[in-house]
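Overview (structure and organization)
Listed below, chain by chain, are the residues.
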Amino acid sequence: MKNSFYFAHDNNACNDEKLLALRSRFKWEGMGLFWALLESMSRNDGYVNKGLIGGLSLSYGVTEKLLTEILLFCTQIKLLKKSSHGFYSKRMLEQLKVRKILSESGKKAMRNRWGDKGVNNQKIRGLVTGKE
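Residues numbered from 1 in each chain as written. Predicted model: local features only at pLDDT ≥ 70, side-chain atom pairs only at ≥ 80, totals over all residues. Heavy atoms only, no water.

For Ser40, the location among the structural elements is in helix α1 (residues 17–43). Of the residues examined, Ser40 reaches a relative accessible area of 1% and is grouped as buried. Setting aside residues no more than four positions away along its own chain, Ser40 makes contact with Tyr47, Val48, Leu56 and Tyr60. (Helix = DSSP H or I, 4+ residues; strand = E, 2+ residues; numbered from the N terminus. Buried < 20%, exposed > 50% of the residue type's maximum accessible area, 1.4 Å probe, protein only. Contact = heavy atoms within 4.5 Å.)

Written out as structure tokens, the structure reads:
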């Protein structure tokens, strides 16, 4: 899971009014699919493209119709938004932006510390492996 990233969510999310509305209509399956959709968004630049719903439904083990209903309901209750790029979460887009800033900052710090040597330099590999 090379590109596995953390994204924050509130520890009382299951009591959020919007998520309660989702659970009231789709039970816990709706809640689980909502979090699965957020995970997909985090891996796909923050969006679930409408053209990918069939593949996602297959991977989640649900019908395309159910997944589409959940996505549309989530936009209706303002958990998600919809644009020409697909369905998205404003909060997820913000978290992805922060992740990118932190990543670029880390890369800059590495360049400042190691210069042109980079991670392929023998000395740096030695520090990582313990064999200088």
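Right, picking up where we left off after that structure.
The next subject is the confidence of the model for the chain. Averaged over the chain, the pLDDT score is 80; the fraction of residues at 70 or greater is 68%. For the chain, per-element mean pLDDT is lowest for helix α5 (residues 122–129), which scores 55, and highest for helix α3 (residues 64–76), which scores 97. (pLDDT = per-residue confidence, 0-100.)

Attention now moves to the packing of helix α2 (residues 53–60) against α3. As a packed pair, α2 and α3 sit with axes 8 Å apart at the nearest point and diverge in direction by 110°. With respect to α3, the element α2 is oriented roughly perpendicular. Here Ile53, Gly54, Leu56, Ser57 and Tyr60 of α2 come into contact with α3, specifically with Glu64, Leu67, Thr68 and Leu71. Its residues assigned to classes, the contact of α2 with α3 comprises 5 nonpolar, 3 polar and 1 charged. (Axes fitted to C-alpha atoms, helices over the stretch in contact; angles between N-to-C directions. Parallel < 35°, antiparallel > 145°, perpendicular 65-115°, else oblique. Nonpolar A, V, L, I, M, F, W, Y, C, P; charged D, E, K, R; others polar.)

What follows covers the packing of aromatic side chains. Going through the model one piece at a time under the given rule, you end up with 3 aromatic pairs. Each ring, one from Phe26 and one from Phe73, has its centre 5.7 Å from the other, and the planes form 70°; the classification is edge-to-face. Taken together, the residues span a long stretch of sequence, with Phe26 in helix α1 and Phe73 in helix α3 at a distance of 47 residues. Comparing Phe26 with Phe73, the two get one shared label, buried. Note on Phe34 and Trp35: the rings are 5.3 Å apart at their centroids and 70° apart in plane angle, and the pair reads as edge-to-face. The aromatic ring of Trp28 is capped on one face by Arg23, whose charged end is 3.9 Å from the ring centroid. (Phe/Tyr/Trp six-rings, centres within 6.5 Å; stacked < 30°, edge-to-face > 60°. Lys NZ or Arg CZ within 6 Å of the ring centre and 35° of its normal.)

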